[in-house]
Protein chains: 2
Amino acid sequence: MADHHVVVVGGGFGGLQLVNDLKGAGIRITLVDRRNHHLFQPLLYQVATTILSTSEIAWPIRHLYSDRPEVTTLLGDVSGVDTGAKSVLLRDGNVLRYDTLVLATGATHAYFGRDDWEPVAPGLKTLEDATTIRRRVLLAFERAETASDPAERDALLTFIVIGAGPTGVELAGIIAELAHKTLPKEFRNIDTRKARVILVEAGPRVLPTFVPELSDYALKALNDLGVEVRLGKPVTECTAEGVQIGEEFIGSRTISWAAGVQASPAAKWLGIPADRAGRAVVEKDLTAPGLPDVFVIGDTASVMQESGAPVPGVAPAAKQQGAFVAKVIHARMKGGTPPVFKYRHQGSLATIGRSAAIADFGRIKLKGGLAWWIWGIAHIYFLIGTRSRFAVAWSWLWIYLSGQHSARLITQRETIADEK
Amino acid sequence: MADHHVVVVGGGFGGLQLVNDLKGAGIRITLVDRRNHHLFQPLLYQVATTILSTSEIAWPIRHLYSDRPEVTTLLGDVSGVDTGAKSVLLRDGNVLRYDTLVLATGATHAYFGRDDWEPVAPGLKTLEDATTIRRRVLLAFERAETASDPAERDALLTFIVIGAGPTGVELAGIIAELAHKTLPKEFRNIDTRKARVILVEAGPRVLPTFVPELSDYALKALNDLGVEVRLGKPVTECTAEGVQIGEEFIGSRTISWAAGVQASPAAKWLGIPADRAGRAVVEKDLTAPGLPDVFVIGDTASVMQESGAPVPGVAPAAKQQGAFVAKVIHARMKGGTPPVFKYRHQGSLATIGRSAAIADFGRIKLKGGLAWWIWGIAHIYFLIGTRSRFAVAWSWLWIYLSGQHSARLITQRETIADEK
């Protein structure tokens, strides 16, 4: 087995946990990602909302394994898998032979068949997505300051977030804080305190994966921040002019999408069944049906708990699956019996702006300031490396003390003229 | 004069100094910039070379004046000036009437009539320029790791910097450190220590604005870092394949441009004479000839010292000019005699990688470690705000102690496939 070659596609939470746990196993590993960095997605919304800088939540993957000579990191875009030849095909023409393949390729946002909404309502999955949303939010205030038409000014000062899961709630909360607390003193022709932030959710409550009591608290916290929450009606149209919700059309120039995800094409590459969101339906040991040497983990895998509920698409689940596959590979090497994957739910956290959060650890449910501190400490703990922990803690402390966000940069375009 | 309206175009060093110095003058000020941020350009090369993050050296302009209700900040792109109607024309159709106009619109890189070189040899003037160079440098190493053709691999591992002024020297020095010290342990198929970093200069020595003794020291420091310096021959061709220098063609996939600057079109807007680099030739009081209410300052103005030498295009000169124009405006309000602009040279600093720098304060000339500390302290001192000073000091300290750069992110593109 010394020459066993594990190819891992995807350097997210699941892929990294797997590579970490294979340390010392005497296995040659190739880790492929189409990005050069691992991204701490739970804090991505803070880049989109000018709180954190890109380099505070992303790390070059190859640096993480500089001390592991058996790990080769490749920047590469997978175009397919030849399971017969046991090979991964890369778009640059390179081919990677594997003995064991692990697909941990994640998910991206989905528009339920309305991909034409994407340009006007960008989602939040990559660093570029985050700087795009940041640029659009900041530019809307800038344009409102110079707009002469009142209707246009109102649309520029209306921010719509679609989808009230954790990302949508967090985005809406921080945009409201930005408009109502951070920016008012800086504009002369507009009153940013009058900006509307509207959170739209087709379902009956915000943060629907939490118990109703905590959803109610989150709704109240959102209202306190000045977020208008629209529940129970789906968005039926989304254009550069605004959003149609039921009978009502709301003019807006800044729409963000946090409503749906679509798995990566892992199932397609393997030619195996997928669920409605495109997730590969895998066996109890996370292998692809009929392909014992191929594992699928994380957001791109559809796995059921014993209760019959699906394993949620969250970072802890991906990490547990990465750790599990490492155990299976270890067990196979030693000829032992591979275990069965069991998801252990460690609790859920969500935050709503400064000082408000909810936490659900099964029997213990928290809301308010204590939950917010737990949220902050947990997120700093899960960041990679001393430097990032210090940097994020420092950024948060600074904002907490001064109220001033530090990453309020409009970038990516040459001039505002290009925007039009 | 209570209703006197000063329009300042450009939120660089000159423009900000002027607005700062007009505090309490009872004058209405509008500050226009096509970016939403002031950029600390002297450290921009550190963003390009993965040392600093974008938000550490850029600040939202309007935040700097949140406590000055008489200052209005506008994000706008100037398309022209109507000196007859005393109006600035913006590309979005807005028109700004002025009583006094100050153009502080800076300069950009110039290719001496070979604008076709720009796509293959990007310059370094904006945050996007910096992230572009960062992306290209990091991608070259990534591609070399997977390249199968040895000639292609060599070209990918050859980094050419054109122009040996401070920016070119700093860029070449840090790229060499990155290749020879930071990255070697992270790649499996290539030896980044064998990467070539070539600094090309048409003139006879590096850092030609310094005395020859300090240039000699800088050359030695560059050689110690493993930078190949080619002096005395201009680049005659620049393509995606590489660079022609005299008889020699050097294959390279990563070329950076630090060779020339071109002033903004301020002179054209005003219809006044310009020098060869496009700088508006102004009067001794920095007004445009025949336009006593229009000042031109900073990199876009051509001003002579008493010695007959031109005022250099550096941050301290722009700041002095901004302060001077504030004095003239004050003097005019009080009916006093306006002064004549005199440039005071405060010294020159340049750094060459870790622990090497040169400093020229007239009679006192320094090189080596002490100059490097002075350089670092001076740059932290001139940053805006406590937060940035701490953040940059912390980033530098971290790199100094750990040798690890923190901002090694490839961004701006969806996947590497888009690059091709």
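Residues numbered from 1 in each chain as written. Chains lettered and ligands numbered in written order. Predicted model: local features only at pLDDT ≥ 70, side-chain atom pairs only at ≥ 80, totals over all residues. Heavy atoms only, no water.

S.K.: Where do I start with the UniProt feature "domain: FAD/NAD(P)-binding" (unreviewed entry) in chain A in this structure?
M.R.: Per the UniProt record, the feature "domain: FAD/NAD(P)-binding" (unreviewed entry) sits at residues 5-322 of chain A. For residues 5-322 of chain A, helix accounts for 28% and strand for 28%, while the C-alpha atoms at its two ends are 16 Å apart. (UniProt positions renumbered as here; feature names shortened; annotations may be inferred. Helix = DSSP H or I, 4+ residues; strand = E, 2+ residues; numbered from the N terminus.)

S.K.: Sorry, what's going on with the interface of chain B and chain A here?
M.R.: Many structure descriptions define interface size as the accessible area lost when the parts assemble. Taken together, the contact pairs 60 residues of chain B with 60 residues of chain A. For the pair chain B and chain A, the summed buried surface comes to about 5300 Å²; carbon and sulfur atoms form 53% of the total. When residues of chain B are sorted by the area they lose upon contact with chain A, Arg62, Arg188 and Arg387 of chain B head the list and together hold 15% of the total. Scanning the region where chain B abuts chain A turns up four salt bridges. The salt bridge partner of Glu142 of chain A is Arg62 of chain B, with a shortest N-O separation of 2.7 Å. (Contact = heavy atoms within 4.5 Å. Buried area = accessible area lost by both parts, 1.4 Å probe. Salt bridge = Lys/Arg side-chain N within 4 Å of Asp/Glu carboxyl O.)

S.K.: Mind showing me how you'd approach the domain arrangement of chain A here?
M.R.: All names here are of chain A. Under the domain assignment, chain A is made up of domain 1 (5-34 + 76-109 + 261-333) and domain 2 (115-259 + 354-419). Each of domain 1 and domain 2 has a C-alpha centre, and these two points are 32 Å apart. Of the roughly 510 Å² buried at the junction of domain 1 and domain 2 (both faces included), carbon and sulfur atoms supply 58%. Contact with domain 2 buries surface across domain 1, with His109, Val261 and Lys319 losing the most and accounting together for 74% of the total. Taken together, domain 1 and domain 2 are joined by zero salt bridges. Ranked by residues supplied to the side of domain 1 that touches domain 2, first place goes to strand β10 (residues 107-109) with three residues. When grouped by side-chain class, the residues that make up the side of domain 1 that touches domain 2 number three nonpolar, two polar and two charged. (Domains from an automatic or database assignment. Nonpolar A, V, L, I, M, F, W, Y, C, P; charged D, E, K, R; others polar.)

S.K.: Which parts of the structure should I look at to understand the sheet that holds strand β8 (residues 95-97) of chain B?
M.R.: Picture the strands of a sheet paired through backbone hydrogen bonds; they go either parallel or antiparallel. Residues and elements named next belong to chain B. As summarised here, the arrangement of the three strands in space is β6-β7-β8, forming an open sheet in which the pairing is antiparallel. Both edges of this open sheet fall to β6 (78-82) and β8, since each of them pairs with a single strand only. Pairwise comparison of adjacent strand axes, ignoring direction, gives a mean angle of 20° for this sheet. Across three bridges, the pairing between strand β7 (residues 87-90) and β8 is antiparallel. Bridge pairing in β8 places Leu89 opposite Val95. (Pairing = 2+ DSSP bridges. Axes fitted to C-alpha atoms, helices over the stretch in contact; angles between N-to-C directions.)

S.K.: Quick question: what am I supposed to make of the sheet that holds strand β25 (residues 364-367) of chain A here?
M.R.: Residues and elements named next belong to chain A. With respect to topology, three strands assemble into an open sheet ordered β23-β24-β25, the strand pairing being antiparallel. This sheet does not close on itself; its edge strands, each paired only once, are β23 (348-351) and β25. Each neighbouring strand pair of the sheet contributes to a mean axis angle of 5°, computed without reference to strand direction. Both strand β24 (residues 357-361) and β25 contribute to a ladder of four bridges, which runs antiparallel. Among the inter-strand pairings, Asp360 is bridged to a residue of β25, identified as Lys365. Against the sheet, helix α10 (residues 369-382) touches β23, β24 and β25, its axis set at about 105° to β23.

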